[in-house]
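For reference, the chains in residue letters:
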Amino acid sequence: MGIYSFCATAITSLKLDNLNIIGDNCFESCTLLKTVQFDNLKTFPKYLFQNCISLNSVSGLNTIEIGIYCFLSCSNLTEINLPSLKTISKGAFIEINSITEISFPKVTNIYDSVFKNCKGLQKVDLPSCNYLGSNAFDGCTSLKLVNIPLLHSASFAAFRSISAEILEFANL
């Protein structure tokens, strides 16, 4: 599927079991899209779901990377099931207040502003993460529990303006 293939269409649900490659912005502004499931897609490209304001559930069994600003303005996203995910690129979940908890067991790298201003985010569990980019959790004012035991490097303002009560960084 090429770039902008389904941009601004009225689809509400998407299940693509065998898709391996997809273009940037493919589902941008699909404002009625609520659920997405990809079984074989390795990379969610940049701006894939930008402005999908009804999107609340995303599943990708073999997805290992999320591109920049992939979920920009997905204001209702609450359920994220990406068990193989390893890398989250810049701004992927920026300012999504509906996300309350994240747990990505295989993620090793979180780049700049990934969860910046996710004001509803309360719990973070990233047991394999060793790098956080600048402003990664900046402005997550509801954040209470952070578990990143393998963290080796946190860039500028990675946790600025958070209210966490428990921070667990065994390797810092």
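Look up: the structure comes first, before these words.
Since this is a predicted model, take the numbers as computed values, not measurements.

Procedures and definitions
Residues numbered from 1 in each chain as written. Predicted model: local features only at pLDDT ≥ 70, side-chain atom pairs only at ≥ 80, totals over all residues. Heavy atoms only, no water. Phe/Tyr/Trp six-rings, centres within 6.5 Å; stacked < 30°, edge-to-face > 60°. Buried < 20%, exposed > 50% of the residue type's maximum accessible area, 1.4 Å probe, protein only. Helix = DSSP H or I, 4+ residues; strand = E, 2+ residues; numbered from the N terminus. Pairing = 2+ DSSP bridges.

Engineer: Just to check I follow, could you spell out the packing of aromatic side chains for this structure?
Structural biologist: For any pair of aromatic rings, the description rests on two quantities: the centre-to-centre distance and the angle between the ring planes. The final tally for this structure, using the stated rule, is 15 aromatic pairs. An aromatic cluster is defined as three or more aromatic residues linked by ring pairs; in this entry it consists of Phe6, Phe27, Phe38, Phe44, Phe49, Phe71, Phe93, Phe115, Phe137, Phe159 and Phe169.

Engineer: Please clarify how the pairing of strand β2 (residues 35-38) should be interpreted in this entry.
Structural biologist: Sheet faces and side chains relate simply in a regular strand, where the side chains alternate between the two faces. Only one face of β2 is buried, namely the one carrying Val36 and Phe38, since none of Thr35 and Gln37 on the opposite face is buried. Relative to β2, strand β1 (residues 13-16) is paired through four bridges, and the arrangement is parallel. Each bridged residue has a counterpart across the sheet, and for leucine 16 the counterpart in β2 is phenylalanine 38. Alignment of β2 against strand β4 (residues 57-60), held across four bridges, turns out to be parallel. Each residue of the ladder has a partner; that of glutamine 37, found in β4, is serine 59.

The analysis is restricted to geometry; functional conclusions fall outside its scope.
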